[in-house]
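Coordinates in review
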Amino acid sequence: DRYEYKYRFGCEPYVLLNRQHAPRYAETFVGYGKDRVSFTYELVARSTTFLVQSELFLVHYRTEQRGVEYVHAPDDWMVGETCWPEFRDRVRRRYKYYAVDCSQRIIDQQVVRAYGRWPLGVVECVSASERLCVGACKPQMAVFKQGH
């Protein structure tokens with residue numbers, strides 16, 4: 001027995017799907033923030049239907065980050081958010097899809113205040129500008145300094 005789950009912006013469900021139907025993770029989301037949200041967002045933009053199998057379930061016990069139990073708002077949460085506008089615009093152009101909620105609008109304003117360049121408030125994706133990467137990129141491009 002299964003039922004359809006209606007997507008809400010920002011949700012991060014754990015999904016099982018065939019790799020050939022999955023979009024690639026956007027590699028600009030380095031560190032904390034927007035990696036699973038972007039993946040789900042693009043699945044929805046591609047008209048994916050989410051079906052919940054009633055006989056299957058997953059329990060998320062706990063998460064540790066940096067050696068301590070995970071808290072929802074690490075100090076570097078805005079890093080991933082700086083890459084969101086470019087990703088969202090790419091998805092909008094490719095799939096003609098756009099979704100947002102009031103909390104994302106507030107987050108966008110916070111990111112512009114923290115990272116925006118004067119006078120237009122243009123935000124550059126931090127992982128792109130700092131050349132940070134995951135996955136297929138070349139590790140020598142990323143320089144990590146202990147204690148930063």
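The following paragraphs examine the structure supplied in this document.

Cut-offs used in this document
- Residues numbered from 1 in each chain as written.
- Predicted model: local features only at pLDDT ≥ 70, side-chain atom pairs only at ≥ 80, totals over all residues.
- Heavy atoms only, no water.
- Phe/Tyr/Trp six-rings, centres within 6.5 Å; stacked < 30°, edge-to-face > 60°.
- Helix = DSSP H or I, 4+ residues; strand = E, 2+ residues; numbered from the N terminus.
- Buried < 20%, exposed > 50% of the residue type's maximum accessible area, 1.4 Å probe, protein only.
- Lys NZ or Arg CZ within 6 Å of the ring centre and 35° of its normal.
- Axes fitted to C-alpha atoms, helices over the stretch in contact; angles between N-to-C directions.
- Parallel < 35°, antiparallel > 145°, perpendicular 65-115°, else oblique.
- Left-handed = near helix turned anticlockwise from the far one by under 90°.
- Contact = heavy atoms within 4.5 Å.
- Nonpolar A, V, L, I, M, F, W, Y, C, P; charged D, E, K, R; others polar.

Applying the stated criterion across every chain, the model contains nine aromatic pairs. Ring centres 5.9 Å apart and planes at 90° place the aromatic pair Phe9 and Tyr41 in the edge-to-face group. Of the two residues, Phe9 sits in the loop between strand 1 (2-5) and helix 1 (35-45) while Tyr41 sits in helix 1, which places them 32 residues apart along the sequence. With respect to burial, Phe9 and Tyr41 carry one shared label: buried. An angle of 70° between the planes, with centres 5.9 Å apart, marks the rings of Phe9 and Trp84 as edge-to-face. Linking Phe9 in the loop between strand 1 and helix 1 with Trp84 in helix 3 (residues 84-95), this pair joins segments that are 75 residues apart in sequence. For Trp84, a relative accessible area of 0% puts it in the buried group. Joined through ring pairs, the aromatic side chains of Phe9, Phe29, Tyr41, Trp84, Phe87 and Tyr97 make up one cluster. The ring of Trp84 has Lys34 sitting right over it, with the charged end atom 5.2 Å from the ring centre.

Before going further, it helps to spend a moment on the packing of helix 1 against helix 3. At a minimum axis separation of 10 Å, helix 1 and helix 3 run at an interaxial angle of 15°. By the criterion of interaxial angle, the relationship of helix 1 to helix 3 is roughly parallel. By crossing handedness, the relation of helix 1 to helix 3 is classed as right-handed. Along the contact surface, helix 1 presents Val37, Ser38, Tyr41, Glu42 and Ala45, while helix 3 presents Trp84, Phe87, Arg88, Arg90, Val91, Arg94 and Tyr95. Among the residues making up the contact of helix 1 with helix 3, the classes are represented as seven nonpolar, one polar and four charged.

Limitation: the analysis is restricted to geometry and does not speak to function.
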